Amino acid sequence: MSCLCDVGRQQPNRATSKKNRPSSRSRGQPLPVVCPGCQISAVDALETWTRSEHTSDVDGRPTTHPVWRKGTGPGVVVIHEMPGLTAGVIRFGEELVAAGHTVVLPHLFGPVGREFSNLDVARAFPRICVSRELTKLARGVTTPVAGWLRSLARDLHAELGGPGVGALGMCFTGGFALAMMVDDATVAPVVCQPSTPFIGLPGRAADLNLSPADVGAVRRRAADGCSVLGIRYASDPLVGTRFDTLTSLIGDAFIRVELEGKGHSTVTEQRSQVAVDAILEFFAERLR
């Protein structure tokens, strides 16, 4: 049986098969999806959000993922961390909505609407490891799902207008916001505790999860005035030396915020008000 715990898959998407597709009366509204195996309800945490879907190519294959949306104002794409679209990520999305943004939460993998747990990480990790959309260990490559995220950002920008949209990745998806920056629609990329490719083998601690061509595109866009905000706990070993790499790559265009204390998830599980305030200020400056 399929549920929103599944990693997004190529068309046809079983999560939107005829059996599970919402009726015409409920389309465009939050869709309850409960997995009998893990009892995860998307509605509990997302009852005031609107569910839709976005389809775009990933490595030449049409791929669909659910997207949850709320708010008005300039657009921001928030890409969830491991193990999935947790309640903590949704709460952070609510803060952005309250600050005057249209927030979209794509669901790429893992559970929806549940509080973070290490058990959910253990459940999600094997599916992520076999997903063709997501890179884990490879150096010098851009995660394939970046193309899908760029398409989502372009559509949001086309609808809302303005200078462009913001993008925020965190932990496993931290570098995804950099990959979105390659496209002109993303004008305010935020990199929170980027942690892929996974550290443990030589050369990975400094890698930005970008292809050489995309590294060049990030450098050019930064030279043209697109700044990047990076946030981490200074003591977090999972980030490696990626902030040093970004500083070397784009210089003063990289706004580096390193938090005191111990922690990893800067805006969710070990939420820092300093981090949240820096993000709100960055989006306000770049998107309005």
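Rules behind the numbers
- Residues numbered from 1 in each chain as written.
- Predicted model: local features only at pLDDT ≥ 70, side-chain atom pairs only at ≥ 80, totals over all residues.
- Heavy atoms only, no water.
- Pairing = 2+ DSSP bridges.
- Helix = DSSP H or I, 4+ residues; strand = E, 2+ residues; numbered from the N terminus.
- Axes fitted to C-alpha atoms, helices over the stretch in contact; angles between N-to-C directions.
- Contact = heavy atoms within 4.5 Å.
- Buried < 20%, exposed > 50% of the residue type's maximum accessible area, 1.4 Å probe, protein only.
- Salt bridge = Lys/Arg side-chain N within 4 Å of Asp/Glu carboxyl O.
- Polar contact = N/O pair within 3.5 Å; in protein donor to acceptor, adjacent residues only side chain to side chain.
- pLDDT = per-residue confidence, 0-100.

- As named in an unreviewed UniProt entry, the chain is Dienelactone hydrolase, taken from Nocardioides ganghwensis.

### Observations regarding the sheet that holds strand β4 (residues 102-106)
Thought 1: With mixed pairing, the 8 strands of this open sheet are ordered in space as β1-β2-β4-β3-β5-β6-β7-β8. Looking along the sheet, the strands with just one partner apiece sit at the ends: β1 (50-58) and β8 (254-259). Between one strand axis and the next, the sheet turns through 20 degrees on average, direction left out of account.
Thought 2: By the bridge criterion, 3 bridges tie strand β6 (residues 186-192) to strand β7 (residues 228-233) in an arrangement that is parallel. Within β7, the residue paired with valine 191 across the bridge is glycine 230.
Thought 3: The sheet contacts of helix α4 (residues 146-160) involve β1, β2 (61-70), β3 (75-79), β4, β5 (165-170) and β6, and relative to β1 the element is tilted by about 125 degrees.

### Some remarks on the environment of arginine 204
Thought 1: Residue placement: arginine 204 occurs in the loop between β6 and α6 (212-223).
Thought 2: With a relative accessible area of 13%, arginine 204 lands in the buried category.
Thought 3: The sequence separation of arginine 204 and leucine 137 amounts to 67 residues, and the corresponding C-alpha distance is 7.6 Å.

### A word on the pattern of salt bridges
Thought 1: Applying the stated criterion across every chain, the model contains 14 salt bridges.
Thought 2: Put simply, arginine 91 and glutamate 115 hold a salt bridge, and the shortest N to O gap is 2.8 Å. Of the two residues, arginine 91 sits in helix α2 (residues 87-98) while glutamate 115 sits in the loop between β4 and α3 (118-130), which places them 24 residues apart along the sequence.
Thought 3: Taking the shortest distance from any N to any O, the salt bridge between glutamate 258 and arginine 232 comes out at 3.8 Å. Placement of glutamate 258 in strand β8 and of arginine 232 in strand β7 is noted, with a sequence separation of 26 residues between them.
Thought 4: For glutamate 258, a relative accessible area of 37% gives the class partly exposed.
Thought 5: Because the salt bridges share partners, they merge into one network encompassing Arg232, Asp244, Arg256 and Glu258.

### Things to note about the pairing of β2
Both faces of the sheet carry side chains from a regular strand, because those side chains alternate between them.
Thought 1: Where β1 meets β2, 9 bridges bridge the pair, whose relative direction is antiparallel. Counted as the bridge partner of glutamate 53 is proline 66 from β2.
Thought 2: Connecting β1 to the antiparallel partner β2 that follows it, the hairpin turn spans 2 residues, and aspartate 59 within it adopts a positive phi of roughly 55 degrees.
Thought 3: Pairing of β2 with β4 involves 4 bridges; the strand directions are antiparallel. Looking at β4, one finds that arginine 69 is bridged to valine 104.

### Here we look at the side chain of histidine 65
Thought 1: Among the secondary structure elements, histidine 65 is positioned in strand β2.
Thought 2: Of the polar contacts made by the side chain of histidine 65, one reaches the backbone oxygen of histidine 107; its length is 3.2 Å.
Thought 3: In terms of polar contacts, histidine 65 uses its side chain to reach the side chain of glutamate 133, at 2.8 Å.

### Let's talk about the confidence of the model for the chain
Thought 1: Per-residue pLDDT for the chain averages 87, and the proportion of residues at 70 or more is 85%.
Thought 2: Here residues 1-42 is a poorly scored stretch, pLDDT under 50, and it has 91 contacts once near neighbours within four places are set aside; other chains count.

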